[in-house]
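Here's the letter readout for the chains.
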Amino acid sequence: MLKHLLLPLLLSCNSLVLAAELNVHPLEGAADQAVRISVSGLLPTQPVKLQLSMHDSNGSRWLAQATYRADQHGTADTASAGAEAGSYAGIDAMGLFWSMQPESGKGRATPLPLRNEADGLRFSPVTMQLEAFVDGERIGQQTLLRRINNADVAAIPLQLQGVVGNLYHPAGALADGRRYPVVITLGGAEGGITTANMYAAWLASNGFVAVALAYYRMPGLPKDLVRVPIDPISDTLDWLQTQPFAGRVGVMGGSWGGIVAMAAAAHDPRLQAAVSWVGSPAPFRGIRRDVPPADFRAVDEPALSIGGRDLPFLPYVEQLNWNQPGDHAAALQKAMLPIERINGPLLLVAGGDDQLGASGEMAALAMQRLQRRSVPQPDVLLYYSDAGHLITPFYQPTTFRSDTGPYIPVGGTAEGYARADRESGPTVLGFLRTALAEGEIQLTR
């Protein structure tokens, strides 16, 4: 008799599992775009487990999982349902993305794999797998594609004497007769051009024309970050003012690229907006790659030059907050870039726990310096107290973001980086759209 009573109940539970549906939108989208994830067709308060995974560029599998409960309508939505157990806790629509961890061993700080397409310039989409489980049974799975650049972004090498760069643009932008906002992008102390390419591909996916430039550690460029000329940025501007597609021009860089961006904008008024991701308004000392520890503690030489003239730089002092008064004040004032001369607004992205470049402290100095402007500008400071030096504009795992080893600490927490990544990208895009709004301009040197 008991067997006959249990059979309808078991059949009813199975039918509920079959009715449950995993919903994801969009399945293919930009890596800086939030994804709406929900499971419908559940019983009210019924638990459901979601699991997200991907492989980094080394082939290591990263995994996140969390359990949610359905609402009174039988739907569990990551935007409104709190994660009760798993890789993260609380309500966070993209919690599964930033809380992924490697299945074994240590992970990369920024594990979103950057693999190039056949042209060597654009980036292949990243594949992620999303699965949903009810009572241990998988009730749905979806494959997500996350793109650094949209499929219709085009990229070509820039053929300019003395300039190592690549041009990224929305398809057809070079010949449709319209003028586009242009952004010159720069990577950090790692050198090369990969980071600049990533920024440029991202911007081109959002309607900009972007020119990725290398300034050292590429063929034909300096090997070390010592007396590196920033003149190629002005050379690129010379070329851009001859191009019919070029509207207003800005510059954007990360880390040392943020320093270079501010230096270039302070010295060339044709740059009408600047964005610095965790950069400093006062250059640090140079870097020689063959002198351990291969950072600004190694040499006492300037990193940058312009027109054959060395730019001043900060002396290296252990455990010094440059905002505090003291004997270092004169050296600080000498090293500060004249960012108040930038012919347009400046946006600073800063981490309050930046243990590598002290971008939070240096951003405070930059905002003070901008008070000297003769013509006020809508300058912006994005300050993230619990983020460190590696803020990105993409949704990706942050669980190992601060674990870069004992010699070059970067600071930050997983949650702090997740917030900074989520908020900084859209704000930077909006800032650049406003600052470089279309209009007839005169690009005069």
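Residues numbered from 1 in each chain as written. Predicted model: local features only at pLDDT ≥ 70, side-chain atom pairs only at ≥ 80, totals over all residues. Heavy atoms only, no water.

Reading across the sheet, the 3 strands line up as β1-β3-β6 and stay open at both edges, with antiparallel pairing between neighbours. Both edges of this open sheet fall to β1 (21-25) and β6 (76-77), since each of them pairs with a single strand only. Here strand β3 (residues 36-40) runs beside β6; their pairing, made up of 2 bridges, is antiparallel. Along β6, the bridge assignment pairs Ser 38 with Asp 77. (Pairing = 2+ DSSP bridges. Helix = DSSP H or I, 4+ residues; strand = E, 2+ residues; numbered from the N terminus.)

Attention shifts here to the pairing of strand β10 (residues 137-147). Pairing of strand β2 (residues 28-30) with β10 involves 3 bridges; the strand directions are parallel. Of the residues in β10, the one forming a bridge with Glu 28 is Leu 145. Counting the residues in the hairpin turn of strand β9 (residues 126-134) and β10 gives 2 residues, including Asp 135, whose phi is positive at 50°.

Here we come to helix α7 (residues 359-369). An α-helical turn contains 3.6 residues, so a residue and the one three or four places further along point in the same direction. Of all the residues in α7, the buried ones are Ser 359, Gly 360, Met 362, Ala 363, Leu 365, Ala 366 and Arg 369. Buried-residue contacts for α7 involve α6 (329-335), β20 (346-351) and β21 (380-384). (Buried < 20%, exposed > 50% of the residue type's maximum accessible area, 1.4 Å probe, protein only. Contact = heavy atoms within 4.5 Å.)

Let us now look at the environment of Val 410. The residue Val 410 is located in the loop between β21 and α8 (414-435) in this model. Its relative accessible area of 3% is what places Val 410 among the buried residues. Contacts of Val 410, omitting those with residues within four sequence positions, involve Asp 353, Asp 354, Gln 355, Leu 356, Gly 388, His 389, Leu 390, Arg 401, Ser 402, Thr 404 and Tyr 417.

A few words now on the confidence of the model for the protein. In the predicted model, the protein carries a mean pLDDT of 92, and 93% of its residues have values of at least 70. Within the protein, helix α1 (residues 2-19) has the poorest average pLDDT of any element, 48, and strand β13 (residues 180-186) the best, 99. Low pLDDT (under 50) marks residues 1-13, which in the prediction has 0 contacts with non-local residues, meaning those over four places away or in another chain. Confidence drops under a pLDDT of 50 for residues 440-445, and excluding neighbours within four residues, the segment shows 15 contacts in the predicted structure. (pLDDT = per-residue confidence, 0-100.)

Core analysis: the biggest nonpolar cluster contains 80 residues, and Tyr 68, Met 252 and Leu 432 have the highest contact counts within it. Ranked by the residues each element gives to this core, the list is headed by α8, at 9 residues. Counting 60 residues, the second-largest nonpolar core is a separate cluster that includes Leu 225, Ile 233, Ile 342 and Met 362. (Core = buried A, V, L, I, M, F, W, Y, C linked by side-chain atoms within 4.5 Å.)

For the rest of this paragraph, the subject is the packing of aromatic side chains. Counted under the stated rule, the structure contains 8 aromatic pairs. Ring geometry for Trp 202 versus Phe 394: centroids 6.2 Å apart, planes at 75°, classification edge-to-face. Pair noted here: Trp 202 is in helix α3 (residues 194-204) and Phe 394 is in the loop between β21 and α8, with a separation of 192 residues, a long-range link. In this structure Trp 202 comes out as buried when scored by relative accessible area, which is 1%. Taken together, the ring pairs in this structure connect Tyr 199, Trp 202, Trp 277 and Phe 394 into an aromatic cluster. The positively charged end of Lys 49 is found above the aromatic ring belonging to Phe 133, 5.3 Å away from the centroid. One Lys or Arg, Arg 401, reaches over the ring of Tyr 417 and ends 4.9 Å from the middle of that ring. (Phe/Tyr/Trp six-rings, centres within 6.5 Å; stacked < 30°, edge-to-face > 60°. Lys NZ or Arg CZ within 6 Å of the ring centre and 35° of its normal.)

For β13, the buried fraction is high: 7 of the 7 residues fall into the buried class. For β13 and strand β16 (residues 246-254), the ladder comprises 6 bridges, and the chain directions are parallel. Opposite Ile 184, over in β16, you have Val 251 as the bridge partner. In the sheet, β13 pairs with strand β14 (residues 209-213) via 5 bridges, with the strands oriented parallel. Within β14, the residue paired with Thr 185 across the bridge is Ala 212. Between the parallel elements β13 and β14, the chain passes through α3 in a crossover that is right-handed. (Right-handed = clockwise from strand over helix to strand, strands pointing away.)

The end-to-end C-alpha distance of α8 is 31 Å, a good match for the 32 Å that 22 residues give at a rise of 1.5 Å each. For α8, the principal kink sits at Ser 424 and spans about 25°; a proline, Pro 426, occurs within the next four residues. (Expected span 1.5 Å × (residues − 1). Bend = angle between axes of the 7 residues up to and from the residue.)

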